[in-house]
Amino acid sequence: MPLPLALLERVTLSCTAPPPQLHFRQLSSSAFCRAVAAAAPKPRKPKDEKAQFYSKSLNLPATPFPLRADAGKREKLFWRRTTDELYRWQAEQKDRPLFVLHDGPPYANGNLHTGHALNKITKDIINRSKLIQGNRVHYVPGYDTHGLPLELKALSALKLPAASLTPQVIRSAARKEAEKGIQIQGEEFRSFAGMGAFADEDAYKTMEWGYEKRQLGIVREMVRKGLIVTHHRPTLYSPSSRTALAEAELEYRDDHISRSVYVSFLISDLGALAPKLQKLGLEKEKVSLAVWTTTAWTLPSNVAVAISDSMDYSLVRSSTSKSLLIMATERVAALSEILTSPLETLTTFPGSSLLSTTYISPLASSSSASEPRTIFPASYVTSTTGTGLVHTAPAHGVEDWEAWRAHQLALHPDQPLEDTLCAVDGAGKLMPEVLEKLVERDVVERLGGKDVLGDGTGAVIDVLQERGTLLKEVEVQHKFPYDWRTKKPVIFRASSQWFANLENVKEDAVKAIEDVEFVPPRGRKTLEMYVRGRSEWCISRQRAWGVPIPVVYSYPSSSDPIASSTPYLTPSNVDHIISVLDSKGQGTDYWWTGEAEEFVEPEELARSKAEGRSWRKGVDTMDVWFDSGCSWTMLRDLDLRPEAPEKPYADVYLEGSDQHRGWFQSSLLTAISAAEEVGGKKKAPYGTVITHGMVLDEKGRKMSKSLGNILPPSTIINGGKNLQKQPAYGTDLLRVWVASVDSTRDVLIGPAVLAQTFEALRKMRNTARFMLGNTAGAAKEELGVEELSLIDRYILHELYELDQLARDAYNTYTFSRVYQALATFSNTTLSSFYFDVIKDSLYADAKSSLERRRVVYTLQKVLDSYTSILAPMAPLLAEEIHHFAQGASADPKADVAEAGSVFEKVWALPSVSWDSPETKTEMEELFKVREEVMSLLEQAREKKLIGSSTEATVVISNPPARLRKHAELLKTLFIVSDVSLVDEPLAPSTEWHFSSGSITVQPATLAKCPRCWTFSKPAESERDVCARCHEVVGDVAHAHW
Ligand SMILES: [Zn+2]
């Protein structure tokens, strides 16, 4: 711990100077302050003219830069110059290299949470670090404005049953909700002091016609390449949202519980098994297939049973079942336990023997019209769970659907495949009119209208029980997909949907990301995995609030428009639709009001009329991930880099790591699907993909209403209801917290973390204040390193290293490294060391002396770099420092326009002459001696022999050469009144001393100088002051007193 300094007491307590708002003791630790206070002499009387004269003759620090941040009031003063005005100014600096950070649009719904703050502030730190290093920045924030949550909000605001509302009414209400969301979020985003096109009118919105038009242009390109197709097939479907969903709209829950059932499917024809049973004398007995499913509600839709033709199967007798059961041989032991019935194996046979066997649906009977169902081989059948016989319902499973169609095609290669029957409607209810084709009439009555995620499962199980085909019901807990918006389970359901075919796109996409940099690097594998795992992207949604899929359907005028219609989706007709929408000036709203025929290009319309065909419009909208995934087209159309078409549109995309399967992926896929090749390669829209983790509370828990641990950014900035508990920390504090965390993983926030960050920021403010106070009004001169003291050179070397590290950390997006390095430099190198040892020179040396000029020079250089390094993290504080460093004597009157920003000055490269590892080595050796001296002084202080360290002197015997070399410096370094280097140890003759090895601390022998308070005035001197002070103030003793 450094020692109290006589001058410090003086500055703190003198009644003549400095101005009352200055309390320089705050610059050091609180222990230091207590030491100063304890040793403080009583203030001198004002009438002591001599003391006043000396006091006034000191160069005491002075600055109007206030000690307290007072964020609520002061941040406003510097706001405009560092946000909107700065963005406009820098956009005009066309000669600077361009840096493009493309904003991923947040969903425009509700207030912001701390995750938004982490996201937007990280982006702003990147932009500002680029700007201060001499770039020009392009940054236009965006909003994702279509989709279900806003549509649901609109529906609840309309307070009318959805069925009674037209799409136009719903869309208009949803647009209002989106506009409200943009206004709320826009205001909150601006409270983070971001620099960009933040005004509501400048930000991009996915619901604007200009945006939608570009999106439809992408669809047109994909249609041209044959990438947009329609199928009737099972897709993930959310009954609670009443729409198809994409993988990115799901969340998986591990605690889902299903009522799984083991069911017997009665065999109607044994096929190749008949001779075998005959030999065993079992031909008269009933034989069933043992089948297991976790979705009993899909049993009515059963069309077949899949087996493995490479596995063995057994015929077993159960003590409880009326019939003999067939199951995989490897499952017999497990099923004995599950069915709680010993199973006696009668015979075993290869799976292929089952392929000619047929059975009756457990919900039909042999007497009904239901046809016997077949058994077919499928590669996904295993013996790890179930029975080795897999219930197949193609309407409700992708594997089932694919395998069943492949089987059908193999059997009848010439017959067109019919659409799969689906017995579940859009609300997730079983439809009687379809059930009739699948199960018995009385079962139709029992199951019709039942909810498959509600009472449907129980109703099916009841029927099985009554019919004696239920072998066992077992509850299973397993991982299950949920709709992330409604938090309700989803199902697979066959319906007609539109898909982007990615089969031929994904290889190009994977190739394109070879050129992309990922921060952290693991992101590459994650994104690649999602891209590779996707063959089709279901892009249609059955909702009103979105961009329409630009498809029209024609049908023979005499028949049903739905049942017998053919889609018409061609590049030229998409262009026609775009031009119609463009001419009406209502954006895509006109799709819902215009006549279908308007959206058919004239030649096709004429042809259809001649052929007696009529038209209807498609009613599906597009997946909102397709919307936001097209945002790169805005950058493409701005043509920001005409000179480098091979470069990606954006240098950086930055979002939460969950966007690998969301926006990063949808942006890549639309870009690769629609973009032309540049230089023989399709390019990704981004050069670097950066991800951040989630924001958790201090205990590492997710923030949630139920835990009551939500800490919104507005509370951190403006304070909570109880300001004692939740102070108004201001914007810079929130930003510095963002800079301080390693956001490549999940980060923590809470009262303790914030208090800690506040303390760190307070120290940085005080460090800056000391430098401002001591360099104010000083001339700027350039000194060579050879003119500096070893200590100054050491500080500049440390500054050089800090500067290099900060540039590297900003350019590799590892801001916590900048923050740590700056805090250490601020607290350890400056406050605890350098500022202490230079105070004597700063306050008491003559302004014209080299000793003081070189210290001032060093402080000027440090302040300059310090402000630049701090600025991207805490721009408001940096602007405030810059304002006063420019010589301002007071706060700006208001937030004045054209005040000039710290960012207008490019962060100056440090002089390479400062880089001196030898200086550091020399200083480190001196620090070792200093540490010993400090500990001896501390002993003297504990015994109350000294207060200030200047009351002591140091004697070092047999000093090594390195000490002799810097003999002049030692007094300053140790902050004592004198240091003597002697050849032989002297017998101490003073009243007290403390020794350690060759070092002795003892009382100062000279008298105290009334000006600088060091004990350096020879007692016999005729002068009033010490020799140094005499040089500064002259021989005033006789002149005045
Ligand atoms: Zn003096």
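Preceding this paragraph is the structure being described.
As the structure is a prediction and not an experimental result, all values here were calculated from the model. Starting afresh in each chain, residues are numbered from 1 along the sequence in its written order. Local features in this predicted model are restricted to residues whose pLDDT is 70 or higher, and side-chain atom pairs enter the listing and the counts only when it is 80 or higher, whereas totals over whole chains, interfaces and linings include all residues. Note that the side-chain values use all heavy atoms of the structure and ignore hydrogens as well as water.

A. Here's a closer look at the packing of aromatic side chains. Within 6.5 Å between ring centres, the rings of Phe, Tyr and Trp (the latter by its six-membered ring) count as paired, and their orientation is classed by plane angle as stacked under 30 degrees, edge-to-face over 60, tilted in between. In total, this model carries 27 aromatic pairs according to the counting rule given. On the basis of an interplanar angle of 15 degrees and a centroid distance of 4.3 Å, the ring pair of Tyr-653 and Trp-663 is categorised as stacked. In this pair, Tyr-653 sits in strand 25 (residues 650-656) while Trp-663 sits in helix 24 (residues 663-674), placing the two residues ten residues apart along the sequence. Accessibility here uses a 1.4 Å probe with only protein chains present; expressed as a share of the type maximum, an area under 20% marks a residue as buried, one over 50% as exposed, and anything in between as partly exposed. You can call Trp-663 buried: its relative accessible area is 2%. Three or more aromatic residues joined by ring pairs form one cluster here, namely Tyr-653, Trp-663, Phe-664 and Tyr-686. Above the plane of the ring of Tyr-237 lies Arg-493, whose end atom (NZ or CZ) is 4.6 Å from the centre. We note Lys-683 situated over the ring of Tyr-649; from NZ or CZ to the ring centre the distance is 4.3 Å. Secondary structure elements are defined from DSSP: runs of H or I of at least 4 residues count as helices, runs of E of at least 2 residues count as strands, and each element is numbered from the N terminus. Put simply, a charge is over a ring when the Lys NZ or the Arg CZ is close to the ring centre, within 6 Å, and near the line of the ring normal, within 35 degrees.

B. Geometry of the side chain of Ser-383. For Ser-383, the position within the fold is in the loop between strand 14 (373-377) and strand 15 (390-392). For Ser-383, a relative accessible area of 17% corresponds to the buried category. We define a polar contact as two N or O atoms separated by no more than 3.5 Å, with the added condition that, inside protein, one atom must be a possible hydrogen donor and the other a possible acceptor, whereas residues neighbouring each other in sequence contribute only through side-chain atom pairs. Separated by 3.1 Å, the side chains of Ser-383 and Glu-330 make a polar contact. For Ser-383, the residues in contact, after removing those within four places along its chain, are Met-311, Glu-330 and Arg-331. The contact definition used throughout considers only heavy atoms, calling two residues in contact when any of these lie within 4.5 Å.

C. Looking closely at the sheet that holds strand 22 (residues 566-568). Two strands pair if DSSP finds at least two bridges between them. Taken together, three strands build an open sheet; the order of strands is 22-21-23 and the sheet is antiparallel. Single-partner strands in this sheet number two, and they are strand 22 and strand 23 (613-617). Neighbouring strand axes in the sheet, compared pairwise and without regard to direction, differ in orientation by 35 degrees on average. Relative to strand 23, strand 21 (residues 552-556) is paired through five bridges, and the arrangement is antiparallel. Directly across from Val-552, in strand 23, lies its bridge partner Lys-617. Every axis corresponds to a line fitted to the C-alpha atoms, with the helix fit spanning only the stretch in contact, and the corresponding angles, defined between N-to-C directions, vary from 0 to 180 degrees. Together, strand 22 and strand 23 form the strand contacts of helix 21 (residues 602-610), whose direction differs from that of strand 23 by roughly 130 degrees.

D. The arrangement of the environment of Ser-564 in detail. Examined against the element boundaries, Ser-564 turns out to sit in the loop between strand 21 and strand 22. With residues up to four places along the chain from it excluded, the contact list for Ser-564 reads Ser-554, Tyr-555, Pro-556 and Ser-559.

E. Spatial organisation of the coordination of the zinc ion. Bound to the zinc ion are the protein donor atoms Cys-1009 (SG), Cys-1012 (SG), Cys-1026 (SG) and Cys-1029 (SG), situated 2.2 to 2.4 Å from the metal. Distances up to 2.8 Å from the metal define which N, O and S atoms are donors, and 3.2 Å serves for Na, K and Ca; water is absent from the atom set, so sites may look incomplete. Counting residues between consecutive donors of the zinc ion along the chain gives the motif C-x2-C-x13-C-x2-C. Of this pair, Cys-1012 sits in the loop between strand 33 (1007-1008) and strand 34 (1015-1017) while Cys-1026 sits in the loop between strand 34 and helix 35 (1027-1033), placing them 14 residues apart in sequence. We note that Cys-1012, like Cys-1026, is buried.

F. How the structure looks around the layout of surface pockets. Grid points spaced at 1 Å over the protein atoms alone were grouped into cavities, where a 1.4 Å probe fits but cannot get out, and pockets, open sets with protein on both sides within 12 Å along at least five of seven lines, with lining residues defined by an atom within 4 Å of a point. Grid points are joined across faces, edges and corners, and a volume is the space filled by probe spheres set on the points. Within this model, the largest pocket holds a volume of roughly 2300 Å³. As for the largest pocket, its lining consists of 50 residues, of which His-113, Trp-484, Asp-658, Gln-659 and Met-694 are closest to the centre. For the lining of the largest pocket, the elements supplying multiple residues, two or more each, are helix 7 (114-132), helix 9 (167-190), strand 7 (250-269), helix 22 (624-629) and strand 25. The biggest single contributor to the lining of the largest pocket is helix 7, with five residues. Note on residue categories: nonpolar means Ala, Val, Leu, Ile, Met, Phe, Trp, Tyr, Cys or Pro, charged means Asp, Glu, Lys or Arg, and polar means any other residue, Gly included. Class assignment for the residues of the lining of the largest pocket results in 18 nonpolar, 20 polar and twelve charged. As used throughout, domain bounds are those supplied by an automatic or database domain assignment. In terms of domain composition, the lining of the largest pocket takes at least three residues from each of domain 1 (93-214 + 626-692) and domain 2 (227-241 + 493-576 + 584-624).

G. Structural view of the packing of helix 28 (residues 790-811) against helix 32 (residues 917-942). With their axes 9 Å apart at the nearest point, helix 28 and helix 32 run at an angle of 120 degrees to one another. Here helix 32 runs oblique to helix 28, going by the angle between their axes. In the crossing of helix 28 with helix 32, the sense of the turn from one axis to the other is left-handed. On helix 32, the residues touching Leu-790, Ile-791, Arg-793, Tyr-794, His-797, Glu-798 and Glu-801 of helix 28 are Pro-917, Thr-919, Lys-920, Glu-922, Met-923, Leu-926 and Phe-927. In these notes the angle categories are as follows: under 35 degrees is roughly parallel, over 145 is roughly antiparallel, 65 to 115 is roughly perpendicular, and the rest is oblique. When the near helix sits turned anticlockwise from the far one by under a right angle, the crossing is termed left-handed; a clockwise turn instead gives a right-handed crossing.

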